[in-house]
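What follows is the residue order along each chain.
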Amino acid sequence: MKEITAIILMSISIIVPVLAQQSEQDNESVQPKVRFAPLHIYLDSGNKSLAAYQFELKAAAGQIKIVGVEGGQHAAFKEAPYYDPAALAKDHIIIAAFNTGSELPKGRTRIATIHLQIIGEAEPDYELKLTVAADADAKEIPAKISFEKGE
Amino acid sequence: MTNKNRHFDEDLDLKVSPKLSEDLNTLFKQQFSVPPEVDRAIIDKAHQHLIPKHWRHRIFHHISLWRVAAAAAVIIFAFSLNLTQEPGPRTSRTVLVKAQAVDIDENGRVDILDAFKLARHIESAESTKTKLSPVLSTGQALVKQGWDINGDGLVDRNDVDLVALSAVRLDKNKGVL
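The model shown is predicted, which means the values in this text are computed figures rather than measured ones.

At the junction of the two partners, chain B supplies 31 residues and chain A supplies 38 residues. Taking both sides of the interface into account, the surface hidden between chain B and chain A amounts to around 2900 Å²; carbon and sulfur atoms contribute 70%. Taken together, the links from chain B to chain A amount to two salt bridges. The partner of Arg109 of chain B in a salt bridge is Glu140 of chain A, with the nearest N and O atoms 3.3 Å apart. Inspection of the region where chain B meets chain A yields eight residue pairs in polar contact (both at pLDDT 80 or more). Those elements that place two or more of their residues in the side of chain B that touches chain A are α3 (36-80), α5 (112-127) and α8 (157-168) of chain B. Counting residues per element, the side of chain B that touches chain A draws most heavily on α5 of chain B, which supplies eight residues. Among the residues forming the side of chain B that touches chain A, the class breakdown is 18 nonpolar, two polar and 11 charged.

Okay, here's the thing in structure tokens:
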């Protein structure tokens, strides 16, 4: 009798997690709509040369995952900027770059492109905050940061 | 009434005749008596033989149950671990860096300007190498200023990268790269 009880308990202990995992996988298979889109980040430094910048991006609404970061438009910021790899697959990132050269952009320029995975139907919204922008002498300069949603 | 029915007839006389009973008693009568000591010895022997087996069986049974329970626990534990989940991305740097060390401009904040300023110092030092020290190399001269972040004896682009990565870390409170 005890053996039968042990066998039944063992069977339950094996079958229940298996079924639970299967149902979890079934639930996962019914995934919401997923699409990928770039988010272009622009910085307007006016008539000052832009030599360094740092900004922070967070998802204010919707569900996103950061899947990649690309450099900017100008040659000075063409290379991929600094960011924490731990930010990938999250909805929050800090991005920064600098250039010690003399050929620097002025005015409004695209400084980076963030590639996003957008989950669900809701259109995401973003919170973008410029931490610092500096000129070639490493002096802070006023600048305006903005983003444009890409297709 | 058939023979078959008669066989199961309840009224059938099942009494045994006294003669037959006496004959049977004579035939199967105990020819000799077994002393009680022998009986006891046989019973003791049987106990010695059977009880250890019984206990062995019980111990084995218990061990089997424990094995089953342990196997079940291991299986449950294995299922509780989500082995399909990929580990999260990690930073490539494992060097411990104190927040104070990477605050190059000492303004109490670690940002990209610290890396930028360090990079400018390195470039500036390289361009004025001879002025810094005729003996020490550029990197070695900057080490003296405490900017050798990774502790490799040189202040170079690797240190700049460490400072920049500190600036963009999501969990800056940890102060660790």
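With 57 residues, the main nonpolar core has Tyr53, Phe55, Phe98 and Ile114 of chain A together with Ile112 of chain B as its most contacted residues. Residue assignment for this core shows that the elements contributing at least two residues are β1 (34-44), β2 (52-61), β3 (63-70), β5 (92-98), β6 (108-119) and β7 (125-134) of chain A together with α5 and α8 of chain B. When residues no more than four places from it in sequence are discounted, the contact partners of Phe98 of chain A are Ala51, Ala52, Phe77 and Tyr82 of chain A together with Ile112, Ala115, Phe116, Ala119, Arg157 and Val160 of chain B.

All names here are of chain A. Spatial strand order, β3-β6-β1-β8: four strands in an open sheet with antiparallel pairing. In this open sheet, the two strands that pair with only one neighbour each are β3 and β8 (144-149). Neighbour-to-neighbour, the strand axes of the sheet open up by a mean angle of 30 degrees, direction not taken into account. Note that β1 and β6 share 11 bridges and pair antiparallel. Each bridged residue has a counterpart across the sheet, and for Leu43 the counterpart in β6 is Thr109.

You can see Asp161 of chain B is positioned in helix α8. Looking at Asp161 of chain B, the relative accessible area reads 17%, which means it is buried. Side chain to side chain, Asp161 of chain B and Tyr82 of chain A meet in a polar contact 2.4 Å long.

All names here are of chain B. When pLDDT is averaged along chain B, the result is 73; 60% of the residues meet or exceed 70. Taken as a whole, residues 88-95 scores under 50 in pLDDT and shows 15 contacts with residues more than four places along the chain or in a different chain. Residue range residues 130-135 is modelled with pLDDT below 50. Its contacts to residues more than four positions away, or to other chains, number three contacts. Note on the complex model: pTM 0.60, ipTM 0.77.

All names here are of chain B. Overall, the coordinates contain 10 salt bridges over all chains when judged by the stated rule. Between Asp105 and Lys117 there is a salt bridge whose closest N-O contact spans 2.9 Å. Of this pair, Asp105 sits in the loop between α4 (99-102) and α5 while Lys117 is found in helix α5, placing the two residues 12 residues apart along the sequence. On the accessibility criterion, Lys117 (23% relative accessible area) is partly exposed. Residue Arg169 pairs with Asp171 through a salt bridge whose shortest N-O separation is 2.5 Å. With a relative accessible area of 26%, Asp171 lands in the partly exposed category.

Moving on: α5 of chain B. Residues and elements named next belong to chain B. For α5, with 16 residues, the first-to-last C-alpha span of 23 Å sits near the 22 Å given by 1.5 Å per residue. When α5 is considered as a whole, its buried residues turn out to be Ile112, Leu113, Asp114, Ala115, Phe116, Leu118, Ala119, Ile122 and Ala125. Backbone nitrogen of Leu113 and a side-chain oxygen of the N-cap are separated by 3.0 Å at the start of α5; the cap is Asp111.

So, on to the packing of aromatic side chains. Scanning the entire structure with this criterion turns up five aromatic pairs over all chains. For the ring pair Tyr53 of chain A and Phe55 of chain A, a centre distance of 5.9 Å and an interplane angle of 20 degrees mean the geometry is stacked. The same class applies to Tyr53 of chain A as to Phe55 of chain A, namely buried. Aromatic rings pair up to connect Tyr53, Phe55 and Phe77 of chain A into one cluster. A cation sits over an aromatic face here: Arg108 of chain A above Tyr42 of chain A, 4.0 Å from the ring centre. In this arrangement the basic side chain of Arg120 of chain B is found over the ring face of Phe116 of chain B, its NZ or CZ atom lying 5.9 Å from the centre.

Criteria and cut-off values
Residues numbered from 1 in each chain as written. Chains lettered and ligands numbered in written order. Predicted model: local features only at pLDDT ≥ 70, side-chain atom pairs only at ≥ 80, totals over all residues. Heavy atoms only, no water. Contact = heavy atoms within 4.5 Å. Buried area = accessible area lost by both parts, 1.4 Å probe. Salt bridge = Lys/Arg side-chain N within 4 Å of Asp/Glu carboxyl O. Polar contact = N/O pair within 3.5 Å; in protein donor to acceptor, adjacent residues only side chain to side chain. Helix = DSSP H or I, 4+ residues; strand = E, 2+ residues; numbered from the N terminus. Nonpolar A, V, L, I, M, F, W, Y, C, P; charged D, E, K, R; others polar. Core = buried A, V, L, I, M, F, W, Y, C linked by side-chain atoms within 4.5 Å. Buried < 20%, exposed > 50% of the residue type's maximum accessible area, 1.4 Å probe, protein only. Pairing = 2+ DSSP bridges. Axes fitted to C-alpha atoms, helices over the stretch in contact; angles between N-to-C directions. pLDDT = per-residue confidence, 0-100. Expected span 1.5 Å × (residues − 1). Phe/Tyr/Trp six-rings, centres within 6.5 Å; stacked < 30°, edge-to-face > 60°. Lys NZ or Arg CZ within 6 Å of the ring centre and 35° of its normal.

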